[in-house]
Amino acid sequence: MPDLSKITCIEDLRAIAQRRVPKMFYDYADSGAWTEGTYRANESDFQKIKLRQRVAVNMEGRSTRTTMIGQEVAMPVAIAPTGLTGMQHADGEILGARAAKAFDIPFTLSTMSICSLEDIAENTDRHPFWFQLYVMKDRDFIERLIDRAKAANVSALQLTLDLQILGQRHKDIKNGLSTPPKPTIKNLINLATKPRWCMGMLGTKRRTFGNIAGHAKGVKDLSSLSSWTAEQFDPALSWADVEWIKKRWGGKLILKGIMDEEDARLAVASGADALIVSNHGGRQLDGAPSSIAALPAIADAVGSQIEVWMDGGVRSGQDVLKARALGARGTLIGRSFLYGLGAYGQEGVTRALQIIHKELDITMAFCGRTQIDDVKSDILLPGTF
């Protein structure tokens, strides 16, 4: 196991991941739509929020433990669903799930993952995890996918509402990222500079979308998978579909992609257990506000009727604390998790979680709080949020 004690922030992991992961897959994770303005704002808007430092407060007995939809967690952080995670590092979703289990936080598997639902269950001793669902036109496939999630011991379903159509990400087009990837000379030269990544991928059988290949009708290989996914995202998705999925699932339901107060009220009316204030990491509607900017109004609009979480731009424990202060019961990390994974595999994910937890714990103390559940907006400097 490598000594990662000198890795002191998420940016350290990002820089290493950029060197180790092939460009087309690194750029896939680390990019936004169009001008990337919303993607950048997700991070920069956190920096504008200032904290009130308090002194002469007893800082003993601190705890970041809380709950998310009734589940005990070591800190108000879950690993977000990220597509193609197994292309950042071989068997990436399995490694992420193992790290999350050991750290006692939730792991969310994406529909568009490389490792399947069954892979996660088998390689974590059937430890409960969350599953993110995209609504496809093939409702029979969706029903079977929900049944597979139940069989894999998934404890909550995370329904993503903001990907009915795909936002354009210029880097993916320029890199030739497709299914299957286009073997351009530039890509092949870049792959030759990533021997660690290549050896890892040669050592695994998981190189396609594990939840879809062999499960969707007519999908046998990467070519048929490409045509299937291009046709399947359903632009007609409605709140009636949310009701149908909630009934079909029957368990805890989380709605991801809420950025508007009116939609937040509709999420409450749907009977969901939690909503996630999220602009898909700035990868869909460029020009939308940052998630942290949208959070307070949404939290105020729904009050205690539903748990409010957020994702987008969380790169530190301070960001987690600020989100908590502005009304988020929990946060999710996508890129922070992927940077750790791409840099050092499971150990890198663990290090990312350690960094975020330590920053959260220490900053909470400096703000005069010892329990995460006691954190409110009064830890923030008025006028900065």
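### Observations regarding the pattern of salt bridges
One pass over the structure, following the stated rule, counts 22 salt bridges. Here Arg144 ties to Asp140 by a salt bridge, and the two come within 3.1 Å at their closest N and O atoms. You can see Arg144 and its partner Asp140 sitting in helix 6 (residues 139-151), four residues apart, about one turn around the helix. The exposure class assigned to Asp140 is partly exposed, which follows from its relative accessible area of 33%. The partner of Asp373 in a salt bridge is Arg329, and the shortest N-O contact between them spans 3.8 Å. Pair noted here: Asp373 is in the segment after helix 15 (335-366) and Arg329 is in the loop between helix 14 (317-325) and strand 10 (330-333), with a separation of 44 residues, a long-range link. Three or more residues are tied together by salt bridges with common partners; here these are Arg65, Glu72 and Asp104.

### Digging into the confidence of the model for the protein
Per-residue confidence for the protein averages 96 on the pLDDT scale, and 99% of its residues sit at or above 70. Mean pLDDT across the elements of the protein bottoms out in helix 10 (residues 222-232) (80) and peaks in strand 3 (residues 77-79) (99).

### Topic: helix 14
In terms of burial, helix 14 is a largely internal element, eight of the nine residues being buried. Along helix 14, the positions that sit buried rather than exposed are Gly317, Asp319, Val320, Leu321, Lys322, Ala323, Arg324 and Ala325. One side-chain oxygen of the residue at the start of helix 14 lies 3.3 Å from the amide nitrogen of Gln318, identifying that residue as Ser316.

### Some details on the pairing of strand 9 (residues 307-311)
Most of strand 9 is tucked away, with five of its five residues classed as buried. Here strand 9 shows a buried face lined by Glu307, Trp309 and Asp311 and a second buried face lined by Val308 and Met310. With respect to chirality, the unit in which strand 8 (residues 274-277) leads through helix 13 (residues 291-302) into the neighbouring parallel strand 9 is right-handed. In this structure, strand 9 lies alongside strand 10, joined through three bridges in parallel fashion. Note that in strand 10 the partner of Met310 across the bridge is Thr331. Handedness of the strand 9-helix 14-strand 10 crossover: right-handed.

### With respect to the packing of aromatic side chains
The tally for this structure, following the rule as stated, stands at five aromatic pairs. Look at Trp130 and Trp309: their rings are 5.4 Å apart centre to centre, the planes differ by 15 degrees, and that puts the pair in the stacked class. Placement of the pair is Trp130 in strand 5 (residues 129-133) and Trp309 in strand 9, with a sequence separation of 179 residues. Aromatic pair Phe141 and Trp228: ring centres 5.1 Å apart, planes at 75 degrees, arrangement edge-to-face. With Phe141 in helix 6 and Trp228 in helix 10, the pair connects residues that are 87 residues apart, well separated along the chain.

### Structural notes on the pairing of strand 7 (residues 252-258)
Among the seven residues of strand 7, six are classified as buried, and the element is accordingly described as predominantly covered. Note: strand 6 (residues 154-160) against strand 7, five bridges, orientation parallel. Across the sheet, the residue bridging to Gln158 is Ile254, located in strand 7. The sheet contact formed by strand 7 and strand 8 spans four bridges and is parallel. Among the inter-strand pairings, Leu255 is bridged to a residue of strand 8, identified as Leu275.

Basis of the calculations
- Residues numbered from 1 in each chain as written.
- Predicted model: local features only at pLDDT ≥ 70, side-chain atom pairs only at ≥ 80, totals over all residues.
- Heavy atoms only, no water.
- Salt bridge = Lys/Arg side-chain N within 4 Å of Asp/Glu carboxyl O.
- Helix = DSSP H or I, 4+ residues; strand = E, 2+ residues; numbered from the N terminus.
- Buried < 20%, exposed > 50% of the residue type's maximum accessible area, 1.4 Å probe, protein only.
- pLDDT = per-residue confidence, 0-100.
- Polar contact = N/O pair within 3.5 Å; in protein donor to acceptor, adjacent residues only side chain to side chain.
- Right-handed = clockwise from strand over helix to strand, strands pointing away.
- Pairing = 2+ DSSP bridges.
- Phe/Tyr/Trp six-rings, centres within 6.5 Å; stacked < 30°, edge-to-face > 60°.

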